[in-house]
Amino acid sequence: MSGRSLTLWKRGEGEAREGMLVDIDTGVLRPGRVLVLRSPVAELFLGSGPMANKLIDFAFDCDTNSSPFFAACEQADRALEHGDFITARALGANEHLAEIKSRPLRRLALIESIVGKASPDDPDHPGWPAGTPGGLGGKFMPKDKSPEAGEATEQKLKRLKALREFRAAAQAALVLLCAIPLEGVPGVDIAASIKTVVELGRIAIDLGNDEREINRAIEFVNNGPYKLDALQVRGNGDIFSSFDGFKKISLIEAILRAYGTADAGKEWHHIVEQGGDNADNFTAEQLHSTKNIIPLPGPIHDLVTAEYAQEYDKSGKTVREWLQGQSFEDQWNEGVKILRKLGIVK
Amino acid sequence: MSEPKPKSMIRLLLESGPTDPFLITKLNLLEELQAAHARNDHKTMLEIGQKLAANDKAFGQARENRRAMMKKTVVQAKATADPDERAKKLLAAFEFCVKAACEAKEESQDIATFNFGVKQLGVISDELSATPPDRFIELAQFLDSPDIRVRAFAAVWLRHIMPERILPILKEIDKTEGFGTPAGTQVHFAISELELEERKKQNNTARNQKEPDAKS
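Residues numbered from 1 in each chain as written. Chains lettered and ligands numbered in written order. Predicted model: local features only at pLDDT ≥ 70, side-chain atom pairs only at ≥ 80, totals over all residues.

Asker: Just to check I follow, could you spell out the overall build of chain B for this structure?
Answerer: What chain B contains, in helices and strands, is 8 helices and 0 strands. Ordered by position in the sequence, the α and β elements of chain B form the string α-α-α-α-α-α-α-α. Looking at chain B residue by residue over its 216 residues, the buried ones come to 40%. In chain B, of all internal contacts separated by at least 6 residues, the share reaching a separation of at least 24 is 52%. (Helix = DSSP H or I, 4+ residues; strand = E, 2+ residues; numbered from the N terminus. Buried ≥ 20, exposed ≤ 12 C-beta atoms within 10 Å, placed from the backbone. Contact = placed C-beta atoms within 7 Å.)

Next up, the structure:
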């Protein structure tokens with residue numbers, strides 16, 4: 001994702017109003033985004049919402065808001081200014097950005113450039129851009145310290161239940177590891193079995209990875225329960241025309257909130273599921289909104305989705321099928337209720 | 001002498017509740033495999049690989065056996081000629097299938113076998129309804145079962161017949177069986193379903209009461 005220059009209108013030669021719409025995914029100015037308009041006589045930066053304020057503060061006043069992400073962007077911009085493209089590239093910035101002479105515009109485009117590379121689903125660029133200082137990866141939101149949280153016996157029970165359920169998730173992970181067909185293991189013939197050895201080695205390594213993932217999930221639960229709006233990337237119900245759009249746009253919010261998007265094993269959870277009948281019954285904007293999508297550790301996400309595959313009663317419907325017969329609001333309430341029962345949200 | 005290696009989190013979790021012995025064997029083998037991999041001991045890795053494959057095959061066979069046993073119990077009960085005897089056997093099959101299905105999920109997260117078991121419960125309840133005079137209601141005897149899973153499934157099955165009696169039972173079970181346990185998930189959604197139906201009913205009543213007022 002990067003800024004795209006476009007002509008806004010043109011009355012005559014030399015009077016073109018050109019702009020750079022930083023949010024090119026939707027083509028509209030929404031909260032948290034900045035729209036840049038440029039004419040021969042002026043540049044206009046329009047922002048909406050607190051996130052846009054931070055972006056404009058960074059672009060115009062070099063204010064990093066004590067954010068390691070903005071600090072990395074600042075470092076990248078300085079590198080671009082000084083022609084140090086190796087450093088800029090190491091920080092995730094494209095050297096072509098140096099061609100943008102307007103400093104604020106360049107800094108906004110820089111953010112887009114870095115965020116565009118740091119997709120949580122991109123195996124080559126998982127989360128935080130390369131070189132981001134502060135080691136934020138793996139850190140979670142500060143937990144709510146209210147006396148109600150964590151102290152009530154009921155709450156402790158919830159945590160115990162959650163641990164019990166992670167056990168099931170661990171089992172599920174192990175079940176996946178059982179896929180070694182008999183014919184794939186040919187006797188003790190080392191020369192003929194290099195491929196098999198490599199495969200077995202991979203499984204052994206996977207086992208270690210699963211262990212770490214479960215530990216992270218348990219840590220996540222031990223730090224909870226969270227307020228729902230603390231889990232939501234942005235609680236004001238921003239909507240997106242696709243899940244891909246959500247992932248790109250929301251990443252910057254997640255990074256700025258030090259929310260560990262780069263933490264391996266985090267997955268996006270749709271409170272109201274996006275597949276099946278829901279895809280036909282609800283609009284993309286309903287499904288792909290910051291109200292409906294939250295990041296969860298992989299094992300917790302697995303646990304919830306695995307339960308949805310469970311047959312419900314003699315009707316032969318699965319839990320998922322039963323849920324999909326309900327209204328969007330009822331499904332959302334159900335989804336939140338489940339997160340609450342798992343001790344994830346308050 | 002060196003300190004014994006601390007148990008992994010996966011092992012602690014698996015040992016904290018009912019776990020299929022094949023799964024524990026597999027974990028042992030995977031840990032041995034990890035150690036052999038660290039030593040770059042290819043010969044041992046292959047030997048362990050053979051054991052893992054045999055374990056996998058036996059694991060799969062055990063799952064098949066569990067499903068076959070559920071099926072056989074239901075088929076035998078259905079084949080019983082005498083209605084009283086058939087009802088008795090069907091009820092016993094219901095209890096057996098609930099336990100077998102729940103164990104499949106509890107011990108190895110085997111959702112496929114769990115779902116197979118739930119389907120058998122559907123067959124049993126249809127057969128009970130067809131056994132004169134409609135014996136479906138006899139599932140109510142399980143509402144006092146000491147086994148919370150049997151109690152839960154009977155309550156879920158009977159929720160539309162006697163919702164006033166069933167809802168408090170479901171709520172009581174919901175306090176201890178969390179979402180994610182086999183019975184807990186069923187109970188959770190049964191409660192939600194009853195509550196949603198009740199709310200829709202109230203909304204409809206309110207709407208119907210409003211309409212005549214609007215005309216007047």
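Asker: Could you clarify how one ought to interpret helix H2 (residues 21-39) of chain B in this entry?
Answerer: Because each turn of an α-helix spans 3.6 residues, side chains separated by three or four positions in sequence point in the same direction. Here H2(B) contains 19 residues, and its C-alpha end-to-end distance of 27 Å stays within 8% of the 27 Å for a straight helix at 1.5 Å per residue. Those residues of H2(B) that fall on the buried side of the exposure criterion are B:Leu23, B:Lys26, B:Leu27, B:Leu30, B:Leu33, B:Gln34, B:Ala36 and B:His37. (Expected span 1.5 Å × (residues − 1).)

Asker: It is not clear to me how the packing of helix H3 (residues 42-78) of chain B against helix H4 (residues 83-108) of chain B should be interpreted in this structure. Could you clarify?
Answerer: A pair of packed helices is captured by two measures, namely the crossing angle of their axes and the spacing between those axes. Residues and elements named next belong to chain B. The interhelical angle for the contact between H3 and H4, taken along N-to-C directions, is 170°, at an axis separation of 8 Å. Taken as axis vectors, H3 and H4 run roughly antiparallel relative to one another. For H3 against H4, the interelement crossing comes out left-handed. Between H3 and H4, the contacting residues are Arg66, Met69, Met70, Thr73, Val74, Gln76 and Ala77 on the first element and Arg86, Lys89, Leu90, Ala93, Phe96, Cys97, Ala100 and Ala104 on the second. Taken together, the residues of the contact of H3 with H4 sort by class into 10 nonpolar, 2 polar and 3 charged. (Axes fitted to C-alpha atoms, helices over the stretch in contact; angles between N-to-C directions. Parallel < 35°, antiparallel > 145°, perpendicular 65-115°, else oblique. Left-handed = near helix turned anticlockwise from the far one by under 90°. Nonpolar A, V, L, I, M, F, W, Y, C, P; charged D, E, K, R; others polar.)

Asker: Honestly, unusual backbone geometry in this entry has me stumped. Any pointers?
Answerer: Negative phi values dominate among residues other than glycine, just as trans dominates among peptide bonds. B:Pro133 follows B:Pro132 through a cis peptide bond whose omega is -10°. On the secondary structure map, B:Pro133 appears in the loop between helix H5 (111-130) and helix H6 (148-158).

Asker: How should I be thinking about the nonpolar core in this particular structure?
Answerer: Generally speaking, nonpolar side chains in soluble globular proteins are found buried as a group. With 60 residues, the main nonpolar core has B:Phe153 and B:Ala155 as its most contacted residues. Not counting the four nearest positions on each side in its chain, B:Phe153 is found in contact with B:Val98, B:Leu121, B:Ala183 and B:Gln186. In terms of nonpolar packing, the next biggest core, distinct from the first, is built from 21 residues, A:Val36, A:Phe70, A:Ala72 and A:Ile111 among them. (Core = buried A, V, L, I, M, F, W, Y, C linked by C-beta atoms within 7 Å.)

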